[in-house]
Structure formats: C-alpha cells, structure tokens
Amino acid sequence: MPLNTQEIENLLSNTNSLIQQVYWFEQELDKPEGASHRGASITYVDIKQKRDSFLDELKNTILNWVYSKAKYQSIYNEELKKRQNDVQNTVSFINTLIKKKFRKGYPQGQFGELLLYNFLQYFFSAPPLLRKMPLTTNPALERNGADAIHYFSDGKIDKFFLGESKCYESKYRFNQALKDAVESIVNTFENLENELSLYNYEDFIDPLLEPIAKDFIDGNCTNARIELACLIAYNETNNIDGDDERTIKNNIKQCIVSRFNSTDPNLLKGIRKPLVKRIHYIVFPFWQIDSLLSEF
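Below, the structure is looked at part by part. Computed from a predicted structure; not experimentally measured. (Residues numbered from 1 in each chain as written. Predicted model: local features only at pLDDT ≥ 70, side-chain atom pairs only at ≥ 80, totals over all residues. Heavy atoms only, no water.)

Before going further, it helps to examine unusual backbone geometry. The peptide bond linking Lys31 to Pro32 adopts the cis configuration, its omega dihedral lying at -20 degrees. Among the secondary structure elements, Pro32 is positioned in the loop between β1 (22–26) and β2 (36–42). Unlike most non-glycine residues, Asp46 shows phi in positive territory, near 60 degrees. One can find Asp46 in the loop between β3 (44–45) and β4 (48–49). Take Asp46: its relative accessible area is 43%, and that puts it in the partly exposed class. Positive phi outside glycine occurs at Asn223, with the angle close to 55 degrees. With respect to the helices, strands and loops of the structure, Asn223 is situated in the loop between α10 (210–218) and β9 (224–235). (Helix = DSSP H or I, 4+ residues; strand = E, 2+ residues; numbered from the N terminus. Buried < 20%, exposed > 50% of the residue type's maximum accessible area, 1.4 Å probe, protein only.)

See below:
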C-alpha cells in the first residue's frame, strides 16, 4: 500500500543545511529532451564561494547516507551500553565505522552518489529505497544498476526514481559525462529485472519502507511509475567571475544552460520517447574539482 505524503516527509533526511550552500535553478529547456532540467553549483556570498561550507555540509550527510535512522539508533544504543554511557567515545566509534564503509581511491564515484542521494530527496521528496550493495563492494561489480533507487508516493501512485551519477575530474567532459549517465540509466531501466539482485535495503532504509522495497524487487507493485534521474558533476573551464554575487550566479546559470543547449543531437537517438520524457537532468559544474575531491 502506498505511503501518504506525511509518512514520506517523516522519512526524508534533513538536507536544508547542505542546500543552503548550493545555488540551483530549474528551467524548461528543449535540449536535451526530458522531464526536467536543473542546474546547481556551490553558492556564493558576494564574490566569495562557499566551497569549504559546502564540503563540510556534504560530509555531514554521510551518516544518513550509510545508515537509516533506526539502524543508527540501534548501533548507538548498543555501543553506548558497551562503553558505559560514554557519548563521545560512542560517537567516535560510529564515525570510524562509517569511514570503513568507503572504498579508498574512488572519491569521484562516492562524491557523485552522495550528491545524488541528497538531491533526489530535496528535489523530488523521495527518500532512499534501495542502493547497490555496501559501499565497500568491488567497484568492478558496481558498473551495472542505478547508483540508488528512491521512492515517493502521494498516497495513490508509487514513484520509483532510478538515479545515476557521473562525476568527471578531467577538464570539461560534460558531454561525455552526460552521454555516459543517460546510457547507464536507460540500460538500468531496460535490465532492471535482472539487476535487482545487486541492491539491498537492510541498513539503508527505515523499516516502514521495507515492504515497499520487497514488493519492488519482487515485481508486486501496483500503480507504479518509474522516473529516471541523471546527475552530471564535471570540471568546468568557463570563466564565471563577476563583480557581485548576482552577476556570478547569472554567469553560472548561463554557463549551465549553454552546456544543455550544446548537447549532442544524437544523445537520445534510439531511446523510446515515453522513456525520454521521464529523464530528469541535474548538472553540477565545479571549478578545480580535483582539489575538492582530494579534500572529500
């Protein structure tokens, strides 16, 4: 049975502190064809980019990304008891546990997946439902399947968002990142039945969502609608500097819109029209993304 909007809202992680460090916009565009087009970047105060604050707030969302609230509370209570109510020691233990979940040497993929996790919740009010195996899984086995599957319901229709993130460190690889993201998410949709074994939900979601996750995996969802979301994070080279915050943000917007408008006309060739109309694009350019990923 679909959850109601209040139940969905209660399942969402708080993304407000992160979004305060992000400048974003939504605009209706003809290219590439799709359901929606959003652009985002690290925000500015006057002519100062909030780079450090953005990175700090992104890191602050990692705990919610790794564990559901219920799972975190369970671990916390158990360890607090073991450590004789030493709160600081318990929190330190959990932080160490979370760090062990991450694959060393693969910051790009995990950086993009974490952004995707937050944006799917903020833009579409869709909490996480499934994710590809644990974060420490061999990356060679993670090339199939969406980076995450999120869920939204208005009490009548179950919406399942298949999300794909592509993060490129090389200078200006927007078109390649977009192409890879679209190909990957469409492939995931077409092969979803065969790939659902790659996903888990045990620690990742609230127990309230477990029956829905199981029904989705088993193919027992009624009134379901699948949406596709592509996050493209890349290193931008265009100069967006300006004399004030308004000018800089306008330059960022024009930069992103120009990237959208210059996409390969063959990008969506061969993809069924009903599927094209369900693709949501989120473009996030970074300047000096290599140093940002190093800090991450």
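The element strand β10 (residues 279–286) is extensively covered by neighbouring structure, given that eight of its eight residues are classed as buried. The alternating pattern of β10 places Ile279, Tyr281, Val283 and Pro285 on one face and His280, Ile282, Phe284 and Phe286 on the opposite face, and all of these are buried. In this structure, β9 lies alongside β10, joined through eight bridges in parallel fashion. Along β10, the bridge assignment pairs Ala229 with His280. (Pairing = 2+ DSSP bridges.)

Moving on: the side chain of Arg131. Looking at the element boundaries, Arg131 is found in strand β5 (residues 128–132). Glu113 is the oppositely charged side chain nearest to the buried, salt-bridge-free Arg131, at an N-O distance of 6.4 Å. Separated by 2.6 Å, the side chain of Arg131 and the backbone oxygen of Trp65 make a polar contact. In this view, Arg131 contacts Trp65, Val66, Asp147, Leu198, Tyr199, Asn200 and Phe204; residues no more than four positions away in its chain are not counted. (Lys, Arg positive; Asp, Glu negative; His and termini not counted. Salt bridge = Lys/Arg side-chain N within 4 Å of Asp/Glu carboxyl O. Polar contact = N/O pair within 3.5 Å; in protein donor to acceptor, adjacent residues only side chain to side chain. Contact = heavy atoms within 4.5 Å.)

Running from N to C, helix α5 (residues 69–82) and helix α6 (residues 87–99) point in directions that differ by 130 degrees, and their axes come no closer than 9 Å. When the axes of α5 and α6 are compared, the pair comes out oblique. Here α5 and α6 pass one another in a crossing that is right-handed. Contacts between α5 and α6 involve Tyr72, Ile75, Tyr76, Glu79 and Leu80 on the former and, on the latter, Val87, Thr90, Val91, Phe93, Ile94 and Leu97. (Axes fitted to C-alpha atoms, helices over the stretch in contact; angles between N-to-C directions. Parallel < 35°, antiparallel > 145°, perpendicular 65-115°, else oblique. Left-handed = near helix turned anticlockwise from the far one by under 90°.)

Turning to α10, a few remarks are in order. Along α10, the positions that sit buried rather than exposed are Ile212, Ala213 and Phe216. Summarising the axial view, the buried residues of α10 lie within an arc of 100 degrees, below the 170-degree limit, and thus occupy one face. (Arc of directions from axis to C-beta.)

For Ser153, the location among the structural elements is in strand β6 (residues 148–153). In terms of polar contacts, Ser153 uses its side chain to reach the backbone carbonyl oxygen of Leu3, at 2.7 Å. Within polar-contact distance, the side chain of Ser153 engages the backbone nitrogen of Gly155 at 3.0 Å. Ignoring sequence-local partners within four residues, the contact set of Ser153 consists of Pro2, Leu3, Asn4, Thr5, Ile8 and Asp158.

If you walk through the whole model with that rule in mind, you get 12 salt bridges. Between Glu245 and Lys249 there is a salt bridge, with the nearest N and O atoms lying 2.7 Å from each other. Of this pair, Glu245 and Lys249 both sit in helix α11 (residues 245–261), four residues apart, which is roughly one turn of the helix. Since its relative accessible area comes to 18%, Lys249 is described here as buried. Here the salt bridges share partners, and the residues they tie into one network are Glu78, Glu79, Lys82 and Arg83.

Interpretation note: all reported values are geometric properties and have no functional meaning in isolation.
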